[in-house]
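Commentary on secondary and tertiary structure
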2 protein chains.
Amino acid sequence: MKNLPDKTVERLSQYRRALLVCLADNKMHIFSHELAGLIHITPVQVRRDIILIGYSGTLRKGYDVRELVSLIGKIIDTEEGLRACIVGVGNLGRAIIRYFKDKRTKLVITAAFDTNPEKVKCVFSGVRCYPIEQLESVIREQDISIAILTVPGEVAASVAETLEKAGIRGIINYTPTPLNVSEKIYLGEYDMITSLEKAAYFVKNNRGE
Amino acid sequence: MKNLPDKTVERLSQYRRALLVCLADNKMHIFSHELAGLIHITPVQVRRDIILIGYSGTLRKGYDVRELVSLIGKIIDTEEGLRACIVGVGNLGRAIIRYFKDKRTKLVITAAFDTNPEKVKCVFSGVRCYPIEQLESVIREQDISIAILTVPGEVAASVAETLEKAGIRGIINYTPTPLNVSEKIYLGEYDMITSLEKAAYFVKNNRGE
């Protein structure tokens, strides 16, 4: 299968999230309009995505939830799993570590980094914190592919440079500073101000979604 | 101007973020390809969005940064400002409060809520924390329009119900539980697992962005 569009990948992740809630509720089949309702998009969009990944449901029962979860897993997850690290163990860094704990088995946060000597060598929700000077060596030793950046904005660019040198393959940037990295590296930019400004715009224009 | 598409609003917020960095660097004009490069999209997309909001630059100098910042402000911000609150003052809630502090004058977090008696009456980065029982009354008194939800997933649905009763107009959901709210309310769903799963997919398929 060739690369799926960005937004489809995002939605597949959201479908799986909703489908796992269904499974926990013992709901074994789901129609496209039900799945659409759970994540607030149109049934047409759902059907288009599911066709794109080569799956189809039955007219009478809809999609088989377990089959769909397993197929999405095959597309998004890697067989051998991927390792991620958190750079910057402030409130946001700690929140993300806790949030991911035990959520996905194929995607694990294995290390954290900080400059604060009091945080270094601490273990946050099972994840050990290393001094930032060991960024390159730990990333190589633990074969970490993805870095989640939660450092202060002022140092984001220089940390990203070190990550690049260490051979990181993806960066998720939660700092307020937009980054410039090599084309080879996947870069996800998540500015939390954007989420609030978007809400403000639609609230102001009195539109629900 | 009629309602802009979701994604355009998101990008306008990102343009402003990048343009404010330019202003701080004393860069007063910018070409569409430069702005595009700063946020990793195509120049065509930038030009399309800017035309959509009725602005144009000059061939020789590009866009006037200050004019564009001010126009985006008129579109996204409200004259009188909007107030937001944080529900759930854990690590993520505190991170968001600190993150927004002094960032935007037209969009202010004025209250926080929690069930923990030790947090109640504390002030986090200038924002006072109230007991969750006062959610409805404080939202009405302070005329809060937007709630940022950072409570544990198990209580997200019941808190959303209370927010709805209190007349909230927008909810930004950072919990792992997808919500169902009335059509009249703007709902932004931000599951942090999606950001990591998307990165994992593209890293696995060896594609930068």
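Worth saying up front: this structure is predicted, and the values here are computed from it rather than measured.

1. Examining the interface of chain B and chain A
Tallying the contact residues gives 71 residues for chain B and 71 residues for chain A. Connecting chain B to chain A are 10 salt bridges. As a salt-bridge pair, Glu197(A) and Arg16(B) come within 2.6 Å of each other at their nearest N and O atoms. Here chain B and chain A share 32 residue pairs in polar contact (both at pLDDT 80 or more) between them. For the side of chain B that touches chain A, the per-class residue count stands at 32 nonpolar, 17 polar and 22 charged.

2. Remarks on the side chain of Asp77(B)
Secondary-structure assignment places Asp77(B) in the loop between helix H4 (65-76) and strand E3 (82-87). Every residue in contact with Asp77(B), bar those within four places of it in the chain, is listed here: Lys204(A), Arg16(B), Ile72(B) and Lys106(B).

3. As for the domain arrangement of chain A
Split into domains, chain A comes out as domain 1 (6-74) and domain 2 (82-194). Between the C-alpha centres of domain 1 of chain A and domain 2 of chain A there is a distance of 31 Å.

4. A closer look at the sheet that holds strand E5 (residues 123-124) of chain B
Sheet strands associate in pairs through backbone hydrogen bonding, adopting either a parallel or an antiparallel arrangement. Residue and element names in this part refer to chain B. Taken in spatial order, the 7 strands make up an open sheet running E5-E6-E4-E3-E7-E8-E9, and their pairing is mixed. This sheet does not close on itself; its edge strands, each paired only once, are E5 and strand E9 (186-189). Relative to strand E7 (residues 146-149), E3 runs parallel, the two being bridged by 4 bridges. Counterpart to Ala84 in the pairing with E7 is Ile146. Strands E3, E7 and strand E8 (170-173) of the sheet are contacted by helix H7 (residues 156-165), whose axis makes an angle of about 170° with E7.

5. Quick word on the packing of aromatic side chains
Taken as a whole, this structure holds 12 aromatic pairs over all chains when the rule is applied. Seen in terms of ring centroids, Phe113(A) and Tyr130(A) are 5.9 Å apart; in terms of plane orientation they differ by 35°. Their pairing is tilted. Highlighted residues: Phe113(A) in strand E4 (residues 107-114) and Tyr130(A) in strand E6 (residues 127-131), separated in sequence by 17 residues. Across the pair, exposure class does not vary: Phe113(A) and Tyr130(A) are buried alike. Cluster of aromatic residues (ring-pair linked, three or more members): Tyr186(A), Tyr201(B) and Phe202(B).

6. Observations concerning the packing of helix H4 (residues 65-76) of chain A against helix H8 (residues 192-204) of chain B
As a packed pair, H4(A) and H8(B) sit with axes 9 Å apart at the nearest point and diverge in direction by 55°. In terms of their interaxial angle, H4(A) and H8(B) are classed as oblique. Contacts between H4(A) and H8(B) involve Lys74(A), Ile75(A) and Ile76(A) on the former and, on the latter, Glu197(B), Ala200(B), Tyr201(B) and Lys204(B). By residue class, the composition of the contact of H4(A) with H8(B) is 4 nonpolar, no polar and 3 charged.

Reading guide: rules and limits
- Residues numbered from 1 in each chain as written.
- Chains lettered and ligands numbered in written order.
- Predicted model: local features only at pLDDT ≥ 70, side-chain atom pairs only at ≥ 80, totals over all residues.
- Heavy atoms only, no water.
- Contact = heavy atoms within 4.5 Å.
- Salt bridge = Lys/Arg side-chain N within 4 Å of Asp/Glu carboxyl O.
- Polar contact = N/O pair within 3.5 Å; in protein donor to acceptor, adjacent residues only side chain to side chain.
- Nonpolar A, V, L, I, M, F, W, Y, C, P; charged D, E, K, R; others polar.
- Helix = DSSP H or I, 4+ residues; strand = E, 2+ residues; numbered from the N terminus.
- Domains from an automatic or database assignment.
- Pairing = 2+ DSSP bridges.
- Axes fitted to C-alpha atoms, helices over the stretch in contact; angles between N-to-C directions.
- Phe/Tyr/Trp six-rings, centres within 6.5 Å; stacked < 30°, edge-to-face > 60°.
- Buried < 20%, exposed > 50% of the residue type's maximum accessible area, 1.4 Å probe, protein only.
- Parallel < 35°, antiparallel > 145°, perpendicular 65-115°, else oblique.

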